[in-house]
Amino acid sequence: MKLFVHNFMSSRFLKNVTVGYPLELTVKQFVEKDIEFDRENMIVMLDKIQYEALLVAAAAVNQSDRIPAEKPPKWDELSDDQLKQFHHLLMNIDVVDGELICPETKTVFPIKDGIPNMLKVDAEK
């Protein structure tokens, strides 16, 4: 699961969950894969993400030092080198084994072979 995907996931579908975002992320194993960098696409992607969730994901893979603690004011004013740091986090890191955890109910959703399993039995919905 790419960290970009984590940014859009929530557990709002669970009973008694009002926000369910951002999901906590525990990473047991991740791999790094080279994905081609495209400046314009990265700026579009960064416009869509929630920065607080990206910080959660960066911390889960011990990469917090790659990005600033505060969201940059304008993505298009960043240098290619700065944008490549965000690209690395969002696109090059694949979580192979880990867990997503609902911030409200602490329900655990496993990530196995890079695929998050967000299914719950009917009684838990």
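Higher on the page you've got the structure.
These notes cover the structure that comes with them. Going along each chain's sequence as written, the residues are numbered from 1 onward. In keeping with the model being predicted, local features are shown solely for residues with a pLDDT of at least 70 and side-chain atom pairs are shown and tallied solely at 80 or more, while totals for entire chains, interfaces and linings include all residues. The side-chain values count all of the structure's non-hydrogen atoms but skip hydrogen atoms and water molecules.

Quick look at the nonpolar core now. Residues belong to a common nonpolar core when they are buried Ala, Val, Leu, Ile, Met, Phe, Trp, Tyr or Cys residues joined through side-chain atoms within 4.5 Å. Only protein chains enter the area calculation, which uses a 1.4 Å probe; residues under 20% of their type maximum are buried, those over 50% are exposed, and those in between are partly exposed. Core analysis: the largest hydrophobic core is formed by 34 residues, its most contacted members being Leu3, Leu25, Met42, Leu46, Phe86 and Leu100. Comment: elements are numbered from the N terminus, with helices defined as DSSP H or I runs of at least four residues and strands as E runs of at least two. Only β1 (24–32), α2 (39–48), α3 (51–60), α4 (80–92), β2 (93–101) and β3 (108–112) provide two or more residues apiece to this core. The contact definition used throughout considers only heavy atoms, calling two residues in contact when any of these lie within 4.5 Å. Apart from residues no more than four positions distant in its own chain, Leu100 is found in contact with Met1, His6, Met9, Leu23, Glu24, Leu25, Thr107, Val108, Phe109, Ile111, Pro116 and Met118.

With that out of the way, let us pick up the pairing of β3. Of the two faces of β3, the one lined by Phe109 and Ile111 is fully buried and the one lined by Val108, Pro110 and Lys112 carries no buried residue. Here β3 pairs with strand β4 (residues 115–116) via two bridges, running antiparallel. Across the sheet, the residue bridging to Ile111 is Pro116, located in β4. We call two strands paired when DSSP finds no fewer than two bridges between them. The turn joining β3 and β4, which pair antiparallel and follow one another in sequence, is formed by two residues; a positive phi near 55° is taken by Asp113.

Before going further, it helps to examine the packing of aromatic side chains. Classification of ring pairs rests on two measures: the distance between centres of Phe, Tyr or Trp rings, Trp counted by its six-membered ring, which must be within 6.5 Å, and the angle between planes, read as stacked under 30 degrees, edge-to-face over 60 and tilted in between. Per the counting criterion, the structure on display carries five aromatic pairs. Ring geometry for Phe4 versus Phe8: centroids 5.1 Å apart, planes at 70°, classification edge-to-face. Taken together, a centroid distance of 6.1 Å and an interplanar angle of 40° make the contact between Tyr51 and Trp75 tilted. With Tyr51 in helix α3 and Trp75 in the loop between α3 and α4, this residue pair connects regions lying 24 residues apart in the sequence.

In this section: the side chain of Thr107. The topology assignment puts Thr107 in the loop between β2 and β3. A relative accessible area of 18% means that Thr107 is categorised as buried. Of the polar contacts made by the side chain of Thr107, one reaches the side chain of Thr105; its length is 2.7 Å. Contact partners of Thr107, with chain neighbours within four places excluded, come to Leu14, Leu100, Ile101, Cys102 and Lys120. Polar contacts, as used here, are pairs of N or O atoms within 3.5 Å; protein pairs need one atom able to donate a hydrogen and one able to accept it. Residues neighboring in sequence count only if both atoms are side-chain atoms.

Right, let's talk about α4 for a bit. With 13 residues, α4 should reach 18 Å at 1.5 Å per residue; the first-to-last C-alpha distance of 16 Å falls well below that figure. The angle between axes fitted to the seven residues ending at a residue and the seven residues starting there is what we call the bend at that residue. The sharpest bend along α4 reaches about 25° and sits at Phe86. Taken residue by residue, α4 has Leu83, Phe86, His87, His88, Leu89, Leu90, Met91 and Asn92 as its buried positions. Residues of α4 that are buried sit in contact with α1 (3–6), β1, α2, α3 and β2. Expected helix span is given by 1.5 Å per residue-to-residue step, counting one fewer step than there are residues.

The next thing to look at is the sheet that holds β1. The antiparallel open sheet is built from four strands, whose spatial order is β1-β2-β3-β4. Either end of the sheet is taken by a strand with one partner, and the two such strands are β1 and β4. Direction of pairing for β1 relative to β2: antiparallel, over a ladder of eight bridges. Each residue of the ladder has a partner; that of Gln29, found in β2, is Asp97. A fitted line through C-alpha atoms represents every axis, and for helices the fit uses only the stretch in contact; the resulting angles, taken between N-to-C directions, go from 0 to 180 degrees. Contacts from α4 reach β1 and β2 within the one sheet, and its direction differs from that of β2 by about 70°.

Purely geometric numbers; function is a separate question.
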